[in-house]
Structure formats: C-alpha cells, structure tokens
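# Chain and residue survey
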Amino acid sequence: IKIPFYAQDNGGNEGTYSPTVTLTKDDTAPAVVQTYNEVSGEELYFKSGTNSLYADFDPTGSSMSYGHAYLTFGLSSLSQEDATSCWENGSYWTCVWNFSMSYSGTADSTITIDAIDDAGNEMESYDVDVQTDSTEPEIVSMETSLDCPTGSDTLEVTINATDDSDHLYVSLYGENVRTSN
C-alpha cells in the first residue's frame, strides 16, 4: 500500500512523500517449545509449597509482550492463571508461573498451557504431564573413602537413599568440587 504524507510551510510551499509500505498479516499462533522448572531432568516434579513452571514459546511472527499466557493445574486449584511474567529470550518468549500447592503425596497429573500472541492468535492447548512428590527422600547411609582428604586426594562419597519418585538428585558443595556419575 502507499501512504501519502503532505506538508506545507508558512510560505505556502508543499511537499509530498508517498512511500510504499508492505504489511504482513500474522495468522500463526504461538507454540510451546519446552517446559521446565528449577529441578533439571526430563520429567517435571512439583512439591507441596512454592513452585515455578517455565515455558518457552515460539511466537512465529508476533511477540508476546502482552503476556497472555495461562496455566491450568487442578492439583493447585489454578484455572487460566496469568503468567507471573514473560520476557523476550533470544528468538523465543519465556513465561513463568509461580504458584503454591498444598497437595501432599505422590501423583501423576496434567498441566495445561494456553497463550495468545500480540496479534491475537490463540494457540491450541498444550498439555504437560507432571508428577507431584511431597515426600522428602530419606538418607539411609553415607560413606566416604577417606576420613581427611587433602587437595590432591580423590574422595568418593556413596549415598544410599530411598524416595517415592524415580529420580533422586544429590548436591555436593565445597571448593573445587568435581563430580562424576
């Protein structure tokens, strides 16, 4: 389309400018690329208390600066809950939901994500399988290969623990700590 601009100065001189502008209609809905939380791993786990869920969206055309991203999660009594915040993250938009859950126990559930980009394109609902695990793991025993390691020693730590879930993560803290599986 051509958009004409006209100007006139105090002396009656007129000027025109008619650039050609190409407009592109965005009719592509955003899509979820990945979902994750603070605990890395292939499966999403939530616990009783405060939780966060992140979703990366490919908006393909329009941005998601209006933050129209919604979360439904029955175990946490969330229905079309607005994202806590959304931000541009490279070629994607990332949204986070911070929520509380009082469910205790271990269960499989589903979270549903919906979003609308800034052009008004609504995505199809995106379902994510999640697990809840409110039971703390029990450390049964811990053994070390050395009582007093020095900087050049290799210290092996063996931890035996039980938990209701299939995944258990162990964190070791200290200066110059290197781990292997």
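Details of the structure are given in the entry above.
Given the structure is predicted, the values throughout are model-derived calculations rather than measurements. (Residues numbered from 1 in each chain as written. Predicted model: local features only at pLDDT ≥ 70, side-chain atom pairs only at ≥ 80, totals over all residues. Heavy atoms only, no water.)

Once that is clear, we can look at the overall build of the protein. Scanning the protein from terminus to terminus reveals zero helices and 13 strands. Counting across all 181 residues of the protein, residues that qualify as buried make up 27%. The long-range share in the protein, meaning contacts at least 24 apart out of those at least 6 apart in sequence, stands at 56%. For the protein, the accessible surface area stands at approximately 12500 Å², while carbon and sulfur atoms represent 45% of it. (Helix = DSSP H or I, 4+ residues; strand = E, 2+ residues; numbered from the N terminus. Buried < 20%, exposed > 50% of the residue type's maximum accessible area, 1.4 Å probe, protein only. Contact = heavy atoms within 4.5 Å. Areas by Shrake-Rupley, 256 points an atom, 1.4 Å probe, with all protein chains shown as cover.)

Sheet strands line up and pair through hydrogen bonds in the backbone, either parallel or antiparallel. Taken together, five strands build an open sheet; the order of strands is β4-β11-β10-β6-β7 and the sheet is mixed. The sheet is open, and its two borders are formed by β4 (44-46) and β7 (78-82), each paired with just one other strand. Between one strand axis and the next, the sheet turns through 30° on average, direction left out of account. (Pairing = 2+ DSSP bridges. Axes fitted to C-alpha atoms, helices over the stretch in contact; angles between N-to-C directions.)

Together, Ile 1, Ile 3, Phe 5, Tyr 17 and Leu 23 make up a nonpolar patch on the protein surface, roughly 560 Å² of accessible area in all. Tracing the backbone through its elements, the reader meets Ile 1 in the segment before β1 (5-8). Judged by its relative accessible area of 60%, Ile 1 falls in the exposed class. (Patch = residues over 30% accessible without salt bridge, like charges linked within 9 Å, V, L, I, M, F, W, Y side chains within 5 Å. Salt bridge = Lys/Arg side-chain N within 4 Å of Asp/Glu carboxyl O.)

Summed over the entire model, instances satisfying the criterion amount to one disulfide. With a sulfur-sulfur separation of 2.1 Å, Cys 86 is cross-linked through a disulfide to Cys 95. Linking Cys 86 and Cys 95, the disulfide has an S-S dihedral of approximately 110° and is accordingly described as right-handed. For Cys 86, a relative accessible area of 22% puts it in the partly exposed group. Given the relative accessible area of 0%, Cys 95 is considered buried. (Disulfide = S-S within 2.5 Å.)

Positioned with a positive phi, Ser 77 is a non-glycine residue whose angle comes to about 55°. Its place among the elements puts Ser 77 in the loop between β6 (69-73) and β7. A residue is classified by how much of its surface remains accessible, and Ser 77, at 66% relative accessible area, is exposed. Phi at Gln 80 takes a positive value of approximately 55°, unusual for a residue other than glycine. As for its position among the elements, Gln 80 is in strand β7. On the basis of relative accessible area, Gln 80 is assigned to the partly exposed category, the value being 40%.

Its place among the elements puts Asn 51 in strand β5 (residues 49-58). Residue classification places Asn 51 among the buried residues on the basis of a relative accessible area of 5%. Only 2.7 Å separates the side chain of Asn 51 from the backbone oxygen of Lys 47, close enough to count as a polar contact. Setting aside residues no more than four positions away along its own chain, Asn 51 makes contact with Phe 46, Trp 97, Asn 98, Phe 99 and Met 101. (Polar contact = N/O pair within 3.5 Å; in protein donor to acceptor, adjacent residues only side chain to side chain.)

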